[in-house]
Amino acid sequence: MLSKYLTVRRAAPLLVAGVIALGAGPLSTVGHAAGSGDGRTDFNGDGYADLVVGAPAGTIGGQGHAGYVVVMYGGPDGPSATRYSVISRATGGIPGDPVKDERFGAQVSKGDLDGDGYADLVVSGTGKGSVIVWGGSAGLSGGTAVPGYGSASQTGDFNGDGQRDLALFQTSVAPGDDPMGTTAAIWYGPVSRTGTPASSTTLDNQDLGYFDVWDAVPGDVDHDGRTDLALSVYCGEGTYCTRLYLGAPSGLTSTPSGTAPEGWQAMALGDVNGDGYADMVTGNAMDNQITVAYGSASGLTDPTTWQTFTQDTPGVPGADEPEDGFGTSVSVGDVTGDGYADVVVGSPGEALGTTQGAGDVTLLHGGPSGLTGDGAQVITQNTTGVPGTAEAGDGFGSRVRLLDTDADGHADLAAAATGENSGTGAVWALHGQPTGIVPDGALVVGPVTLGTPDTAASFGSTLR
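The numbers attached to residues start from 1 for each chain and follow its sequence in the written order. Only residues with pLDDT of at least 70 are given local features in this predicted model, and only at 80 or more are side-chain atom pairs given and counted; all residues enter the totals for whole chains, interfaces and linings. Just so you know, side-chain values use all the structure's heavy atoms and leave hydrogens and water out.

## With respect to the overall build of the protein
Here comes step 1: Within the protein, the regular secondary structure consists of three helices and 30 strands.
Here comes step 2: Dimensions of the protein along its principal axes, counting C-alpha atoms only, are 55 × 50 × 45 Å.
Here comes step 3: By residue count, 59% of the 464 residues in the protein fall in the buried class.
Here comes step 4: Pairs at least 24 apart in sequence give 54% of the contacts found in the protein among residues at least 6 apart.
Here comes step 5: Accessible surface, the protein as shown: approximately 15900 Å² in total, 51% of it carbon and sulfur.
Here comes step 6: For the purpose of charge, His is not counted, nor are the chain termini; Lys and Arg are scored as positive and Asp and Glu as negative. For charged residues, the charge sits on one atom: NZ in Lys, CZ in Arg, CG in Asp, CD in Glu. Put simply, the protein has 17 plus and 52 minus side-chain charges, and the middle of one group is 9 Å from the middle of the other. The numbering of helices and of strands both runs from the N terminus, where a helix is a DSSP run of H or I of at least 4 residues and a strand a run of E of at least 2. For every residue, the accessible area obtained with a 1.4 Å probe (protein chains only) is divided by the maximum for its type, and the residue is called buried under 20%, exposed over 50%, and partly exposed between those limits. Contacts are assigned to residue pairs with any non-hydrogen atoms lying within 4.5 Å of each other. Values of accessible area rely on a 1.4 Å probe in the Shrake-Rupley scheme; residue burial ignores everything except the protein chains shown.

## Section: the state of the cysteines
Here comes step 1: The definition used for a disulfide is geometric: two cysteine sulfur atoms within 2.5 Å. Overall, the coordinates contain one disulfide when judged by the stated rule.
Here comes step 2: The residue that forms a disulfide with Cys235 is Cys241, at a sulfur-sulfur distance of 1.9 Å.

## Considering the confidence of the model for the protein
Here comes step 1: Mean pLDDT for the protein: 91, with 92% of residues reaching 70 or above.
Here comes step 2: Each residue gets a pLDDT score, which is the predictor's confidence in that residue and runs from 0 to 100. Scored below 50 in pLDDT, residues 1-36 shows 107 contacts in the model against residues more than four places distant or in partner chains.

## Concerning the environment of Gly393
Here comes step 1: Following the sequence through the fold, Gly393 ends up in the loop between β25 (372-379) and β26 (396-403).
Here comes step 2: Residue classification places Gly393 among the partly exposed residues on the basis of a relative accessible area of 44%.
Here comes step 3: Once the C-alpha coordinates of Gly393 and Thr355 are considered, the two residues, 38 residues apart in sequence, prove to be 8.3 Å apart.
Here comes step 4: The contact partners of Gly393, leaving out residues within four places of it in the chain, are Gln356, Gly357, Ala358 and Gly419.

## Concerning the packing of aromatic side chains
Here comes step 1: Pairing of aromatic rings covers Phe, Tyr and Trp, the last counted by its six-membered ring, and requires centre-to-centre distances within 6.5 Å; plane angles under 30 degrees mean stacked, over 60 mean edge-to-face, and any other angle means tilted. A complete count under the given rule lists two aromatic pairs for this structure.
Here comes step 2: Measuring from ring centre to ring centre gives 5.3 Å for Phe396 and Trp428, while their planes differ by 85°; the resulting arrangement is edge-to-face. Here Phe396 is found in strand β26, whereas its partner Trp428 is found in strand β28 (residues 426-433), with 32 residues between them in sequence. Like Trp428, Phe396 is buried.
Here comes step 3: In our convention, an over-ring charge means Lys NZ or Arg CZ found within 6 Å of a ring centre and within 35 degrees of that ring's normal. The ring of Phe211 carries Arg243 above its face, with NZ or CZ at 4.5 Å from the centroid.

What follows is the structure, encoded as structure tokens:
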């Protein structure tokens, strides 16, 4: 419960450059010189990864569920609650107007598309076209419409030519059990600010025509220097599946069905055993489990080598209960800095005592033998030092993200509780350290803190 969103931070001065008001002024924060930023995650080039938070149910311009995103710029204390950009269809420089039920920000991706050294942001919704928002030394500014592809996107160097490419997807919300089908395209980089790629091609539209693509995550599963792409797709009859495409000189190539473990809208790629190959982690909230499929030179290993984790796995705190939703969200990153990626798992349905649906987040450690339950850690709103108090229906862990926002070599945790305050939503940022996730200097933000639309906004429904 956070009727007022309190901020607890490490004692350090903040260089507050300015805040972008929703729907007013240019999209920028001022005062950052170009630095050694990561062109995959750093929009302003100051060397710190930036956190993107989506509020797709936010009301904009009187239009319900029009949606918006907030970009919280990273810094020595992690994501900032005073240096941020708010982006919606009503913001200056962003093409289009707020549209009811567009859910702008339901899916986002980021990466340096125009080759200037700054990450760019691609914002999608429910199929009404995406927008590329361009990074620069002052932060994000200006937008370019991407017509025809409004459901999902992801960036990566799929053909290994050194330029970042953009995968684009268009589907519709299925009114029943049957998928509507997806069309997809690859824009090969660089992509100009007029929205023109160096070249483009379609992506497996014959096969994808039978599925609805809802999300995509990048990684190098076969360690060949090209980005591979995992897709979360709706397969019909209420089930979600996973599809894996491997990067190649000619672009993305499909792998056979069954090559990747099935998920339930939750998946991530990262190297949990330190062998140089990205591993796939999928979450299946219906069965309260996650699955780890290991990467190799030929792609993912045989299913007999995959691992499954539940709350009954030795070392994992808690107990496997039907409504926990263990695996609703997953993310991969090296929290402890030991060279092995760790995994965080959201269980938004977890009961804390008699408090139903309060939710929690579990940290599982990677190591030379892969993922393990040994030394697992659980974080809730009732963990000492974590701001707030767990309440029924908060859904803490409904979304999770590991990202090194303070550039100290340890991935930090962002965890959302989209049910907080009757669906307003909130996001917690906690630091990674050699011992795991620590509450020191924890930050919690929501629409009230940031001055953005709050009523049932589902703030935190998207974390990137």
